[in-house]
Amino acid sequence: MRYSCVILAAGLGKRMNSSLPKVIHKLYGLPLIRYVVDAGRKLKPEKIVVVAGKNHRLIKDSIVDCRDISFVIQRKPLGTAHALLSGTSLLKDFKGTVVVLNGDMPLIRPETIRRFLKLHERHKNTLSVASFVVKPPHSYGRIIRSSDGEALKIRETSSLTKAQKEINEVNSGLYAIDSTAFPLLRKIKLNRKKKEYYLTDILEVVRGRGGKTSVYCMVDGDEFIGINTRQELLKAHDILRKRQVMCFIQKGVSFIDAESVFIHPYAMIGRETLIYPNVYIQGKTRIGKKCIIYPNVRIIDSIIKDHAIIKDSTLIEESFVGSKAEVGPFAHIRPGTSIGQSAKIGNFVEVKKSFVGTGTKAMHLSYIGDATVGRGVNIGAGTITCNYDGRKKYKTIIEDGVFVGSDSQLIAPVRLKKGSYVGAGSTITADVPTNALGISRVRQRNIKGWVKRKIKINGE
Ligand code: UD1
Ligand code: CA
């Protein structure tokens, strides 16, 4: 079967009470439209058309990589039927099934769309609509069926009778339409009250022309939630969080408090990893097997290998943490960092755009920026790579087996060669040769009787 996909995203989203188009509002860091586009992508359609409004630039930017997407601009939001009609202008040569999705249904799952399309194909329908049951039915369009269960029409809340208001089967905003029915979109009449052309009227129009139609009631109502208000956005957050946690529990991940953990839909976590409360795993993060993630940790777009331990209140961004490595508590691993196998990054250590070798330790109060640190290095408490002169950034290279004494400043560019030592409290401005001791501090003087003399002068 040939598919194309049209995503309706040109609505103003007035109910969001926002200056931004509704579909770019974020659900766990990603715009709503991204979820819908990604679900569409999984169907491998010939074409994906996004119908965007005046703010189409913002929508494009929010999707980021849109090479596989064609955009149509619906200049005036004249309703969902008008939006789809605008979308079909890019599908003139397409023959097959068009999957239509509201751009505000981020929780829709590709497998559900596939199941729906199978029904559509099996019954050789011209038009299929996916419905679901929800109590109360909120502002969704109701499915009006005949006494023998045949779906006759869809009615929006503004034009329901008292009895129809009680109907709990509602329109989801997912449709399958055969391309031969495109001309019928023009037969939809303007809704005079709302001054919009409603796509929902297509059911009656197709039926009126003798076309085969079905409304399929899909089981999981949660995934069809349409986001019109911030309350619904909050609800979607909750559903998504629970969905993700349940999915990982089934895959063998343990949680101590599933209520406070968020795992992004693109993240992966290996078996027997243990996750404590208040943990955020964002973006395309991949966590390995048998890791422990302690409370208040946020990990963004990073790779954490097997058996790694991330201790309390640590932030890891766009970085790599090797197997058996330990990071935190209170560590900040900034983008472009690679922490080697079994390395230890401890309390109040910040690492930026640096490579840290196997087994290296920086346990306390350090800043390591733009550095390459070899294997088995010991970085003493309070060590700082001074990588910035106010204009440019410079590199620090610390070779294998180096020992940097506490409270040292390494003024980049500088290289500490293999096996060298830096004396505690040194300010290192020049390279330290292999196996040498680099030390730069004033020799200590002890002034005898100084304290007593001071007290006499001050009269204390
Ligand atoms: C729509 C359906 C309703 C269904 C509900 C499911 C219609 C008339 N009603 O209602 O039956 O139960 O979705 O969530 O279709 N859009 C455009 N151009 C427009 C208007 C809207 O592209 O001129 C887009 C919106 O950006 C949105 C989608 O179409 O992504 C649906 O529009 P929305 O205003 O959210 O419709 P609902 O009132 O939720
Ligand atoms: Ca909606």
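Check the entry above for the structure.
Residues numbered from 1 in each chain as written. Chains lettered and ligands numbered in written order. Predicted model: local features only at pLDDT ≥ 70, side-chain atom pairs only at ≥ 80, totals over all residues. Heavy atoms only, no water.

Participant: Is there a simple way to think about unusual backbone geometry in this case?
Facilitator: The general pattern is negative phi for most residues beyond glycine and trans for most peptide bonds. A cis amide bond, omega -10°, links Lys135 with the succeeding residue Pro136. Following the sequence through the fold, Pro136 ends up in the loop between β7 (127-133) and β8 (142-145). Positive phi is not limited to glycine here, since Lys195 has a value of about 55°. Despite not being glycine, Asn296 has its phi angle at roughly 60°, a positive value. You can see Asn296 is positioned in the loop between β20 (292-293) and β21 (298-300). Here Asn296 falls in the partly exposed class, since its relative accessible area comes to 41%. (Helix = DSSP H or I, 4+ residues; strand = E, 2+ residues; numbered from the N terminus. Buried < 20%, exposed > 50% of the residue type's maximum accessible area, 1.4 Å probe, protein only.)

Participant: Help me out: how do you make sense of the pattern of salt bridges in this one?
Facilitator: All told, the structure shown has 18 salt bridges when counted by the stated rule. The partner of Asp68 in a salt bridge is Arg41, with the nearest N and O atoms 2.7 Å apart. Residue Asp68 is found in the loop between α2 (56-63) and β5 (69-73), and its partner Arg41 is found in helix α1 (residues 32-41); the two are separated by 27 residues along the sequence. Taking relative accessible area as the criterion, Asp68 reaches 39% and is therefore assigned partly exposed. Overall, Arg41 belongs to the partly exposed group, its relative accessible area being 25%. Linking Arg155 and Glu204 is a salt bridge whose minimum nitrogen-to-oxygen distance equals 3.3 Å. (Salt bridge = Lys/Arg side-chain N within 4 Å of Asp/Glu carboxyl O.)

Participant: When you look at the environment of Gln444 in this model, what are you seeing that I'm missing?
Facilitator: Note that Gln444 resides in the loop between β43 (437-438) and α8 (450-458). A relative accessible area of 67% means that Gln444 is categorised as exposed. A distance of 3.2 Å separates the side chain of Gln444 from the side chain of Asn446, its partner in a polar contact. (Polar contact = N/O pair within 3.5 Å; in protein donor to acceptor, adjacent residues only side chain to side chain.)

Participant: I'm lost on the sheet that holds strand β17 (residues 274-275) in this one. Help?
Facilitator: Pairing between the strands of a sheet is mediated by backbone hydrogen bonds and can be parallel or antiparallel. Strand order in the open sheet made by the eleven strands is β14-β17-β20-β23-β26-β29-β32-β35-β38-β41-β43, with parallel pairing throughout. Since the sheet does not close on itself, it has two edges, and those belong to β14 (254-255) and β43, each with one partner. Pairing analysis gives two bridges linking strand β23 (residues 309-310) to strand β26 (residues 326-327), with the strands arranged parallel. Each bridged residue has a counterpart across the sheet, and for Ile309 the counterpart in β26 is Glu326. (Pairing = 2+ DSSP bridges.)

Participant: So what exactly am I meant to see when it comes to the sheet that holds strand β34 (residues 371-373) here?
Facilitator: Taken in spatial order, the nine strands make up an open sheet running β16-β19-β22-β25-β28-β31-β34-β37-β40, and their pairing is parallel. At either end of the open sheet lies a strand with only one pairing partner, and these are β16 (268-269) and β40 (414-416). When strand β28 (residues 338-339) meets strand β31 (residues 355-356), the two strands line up parallel, connected through two bridges. Bridging from a neighbouring strand, Ile339 pairs with Val356 of β31.

Participant: How should I be thinking about the environment of Ala151 in this particular structure?
Facilitator: Note on placement: Ala151 falls in strand β9 (residues 151-155). What makes Ala151 buried here is its relative accessible area of 7%. Beyond its immediate sequence surroundings of up to four residues, Ala151 is in contact with Ile143, Ile144, Arg145, Leu203, Arg207 and Val215. (Contact = heavy atoms within 4.5 Å.)

Participant: Explanation requested: the pairing of strand β10 (residues 169-178) in the structure shown.
Facilitator: Along any regular strand the residues' side chains alternate between the sheet's two faces. Counting buried residues along β10, ten of its ten residues qualify, which places the element largely inside the surrounding structure. Pairing analysis gives five bridges linking strand β6 (residues 97-102) to β10, with the strands arranged antiparallel. If you follow Val98 over to β10, its bridge partner there is Ile177.

Participant: Can you walk me through the site of ligand 1 in this structure?
Facilitator: Taken together, 23 residues sit near ligand 1, with Ala10, Gln74, Gly79, Glu156 and Asn171 positioned nearest. One of the backbone nitrogen or oxygen atoms of Gly11 is found 2.8 Å away from an oxygen atom of ligand 1. Contacts to ligand 1 include Lys22, whose side-chain N or O atom sits 3.0 Å from an oxygen atom. Those elements that place two or more of their residues in the shell around ligand 1 are β1 (3-9), α3 (80-88) and β10. In terms of residue class, the shell around ligand 1 is built from eight nonpolar, eleven polar and four charged. (Near = heavy atom within 4 Å. Nonpolar A, V, L, I, M, F, W, Y, C, P; charged D, E, K, R; others polar.)

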